[in-house]
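A closer look at the structure
Read off the chains here:
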Amino acid sequence: MSHTGSSGGQPGPQRTTDRSTALSEPARAYAELVAGNRRFVDGAPRHPNQDAGHRAAVADGQHPFAVIVGCSDSRLAAEIIFDRGLGDLFVVRTAGHTAGPEVLGSVEYAVTVLGTPLVVVLGHDSCGAVQAARESAATGTAPSGHLRAVVDAVLPSLRRAVSEGVDDIDGIVDIHIAQTVETLLGQSPVLADEVARGRCAVVGVSYRLAAGAVRPVAAVPAGFATVETPASTDPAAPATV
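First, a word on what this report is: a plain description of the structure on this page. (Residues numbered from 1 in each chain as written. Predicted model: local features only at pLDDT ≥ 70, side-chain atom pairs only at ≥ 80, totals over all residues. Heavy atoms only, no water.)

1. Remarks on the nonpolar core
Grouped burial of nonpolar side chains is what soluble globular proteins tend to show. Inclusion rule: Put simply, a nonpolar core is a bunch of buried Ala, Val, Leu, Ile, Met, Phe, Trp, Tyr and Cys residues held in one set by side-chain atoms that sit within 4.5 Å of each other. For every residue, the accessible area obtained with a 1.4 Å probe (protein chains only) is divided by the maximum for its type, and the residue is called buried under 20%, exposed over 50%, and partly exposed between those limits. Segments assigned H or I by DSSP are reported as helices when at least four residues long, segments assigned E as strands when at least two residues long, and all are numbered from the N terminus. In this analysis, two residues are considered to be in contact whenever any of their non-hydrogen atoms come within 4.5 Å of each other.
Counting residues in each nonpolar core, the largest one holds 63 residues, and the members touching the most others are Leu33, Ile68, Leu118, Val119, Leu122 and Leu191. Examining the composition of this core, we find that nine residues originate from one element, helix H7 (residues 169-187), more than from any other. In this view, Ile68 contacts Leu33, Ala78, Phe82, Leu89, Phe90, Val91, Val92, Val120 and Leu122; residues no more than four positions away in its chain are not counted.

2. Observations concerning the packing of helix H6 (residues 147-163) against H7
Describing two packed helices takes the angle between their axes plus the distance from one axis to the other. Applied cut-off: Axes, fitted as lines to C-alpha atoms, cover a helix only where it is in contact. Angles between the N-to-C directions of the axes lie from 0 to 180 degrees. Each angle receives one of four descriptions, namely roughly parallel if under 35 degrees, roughly antiparallel if over 145, roughly perpendicular if within 65 to 115, and oblique otherwise. Rotating anticlockwise by less than a right angle from the far helix to the near helix defines a left-handed crossing, while the corresponding clockwise rotation defines a right-handed one.
At their nearest, the axes of H6 and H7 sit 9 Å apart, and the two run at 120 degrees to each other. In terms of their interaxial angle, H6 and H7 are classed as oblique. Seen from above, H6 lies across H7 with right-handed handedness. Along the contact surface, H6 presents Ala153, Val154, Pro156, Ser157, Leu158, Arg160 and Ala161, while H7 presents Ile172, Ile175, His176, Ala178, Gln179 and Glu182.

3. Side note on the packing of aromatic side chains
Rules: Working definition: a ring pair exists when centres of Phe, Tyr or Trp rings (six-membered ring for Trp) sit within 6.5 Å. Plane angles under 30 degrees give stacked, over 60 give edge-to-face, the rest tilted.
By the definition in use, this model includes two aromatic pairs. Residues Tyr30 and Phe224 carry aromatic rings whose centres are separated by 5.8 Å and whose planes lie at 55 degrees to one another, so their mutual orientation is tilted. Separated by 194 residues along the polypeptide, Tyr30 in helix H1 (residues 26-42) and Phe224 in the segment after strand S5 (214-220) bring together distant segments of the chain. In this pair, the class of Tyr30 matches that of Phe224, namely buried. Between Phe90 and Tyr109 the ring centres are 6.0 Å apart and the planes differ by 35 degrees, which places this aromatic pair in the tilted class. Linking Phe90 in strand S2 (residues 89-94) with Tyr109 in helix H4 (residues 101-113), this pair joins segments that are 19 residues apart in sequence. Using a relative accessible area of 8% as the deciding quantity, one classes Phe90 as buried.

4. Structural notes on the environment of Ser188
Relative to the assigned elements, Ser188 resides in the loop between H7 and helix H8 (189-196). Considering only alpha carbons, one finds Ser188 and Val107, 81 residues apart in sequence, at a separation of 9.1 Å. Discounting chain neighbours no more than four positions away, the residues touching Ser188 are Leu104, Glu108 and Thr183.

Dropping the structure here:
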């Protein structure tokens, strides 16, 4: 990771983002992501900040306006589905967007050192990690190797789905996205403090693999994700969270 405005210095305790060069407000950052996703869905991407000139401009420092805590699924490339470029997004990806210490540390680095004002949990329909956890719970067997850690991280979402009477896979995915939002805030007092001070927001969104659109599932502060998304035309999808 490159420390903002330096050529390899160590992360410090203070935020160093040049606010004049970043999308500093959480709502503005979220609106920018929504606009990019709309362009992607409409087949009219602009591919911003992907030219050689911008590559050179961000070589000495980064000012990402959003952290994306996303699933590692190969069809979930954040810069593509949000139509962004170099230096725009600070992306952390694990199978099933599970949030261990390294993920939490990465998020805290972006929020406190780089001054990134928005954290987005990016899940998707038909998530393989959720399906694997569901199968493990149903059969009473655990996968071998380190895959077990992924399944174990998803199991609390499965138990929550059962308690809420949710049985369909995409409904469970929504619960898992919301659970990850809560995990990030519950396990990181640093992030929770940034949100409480109004300097950051956390939003969970679900991506539809076929349609290419995201829709909000959970948000802290409550009611934050009020910007209309391409998926809001789906009558089953909430317009705000």
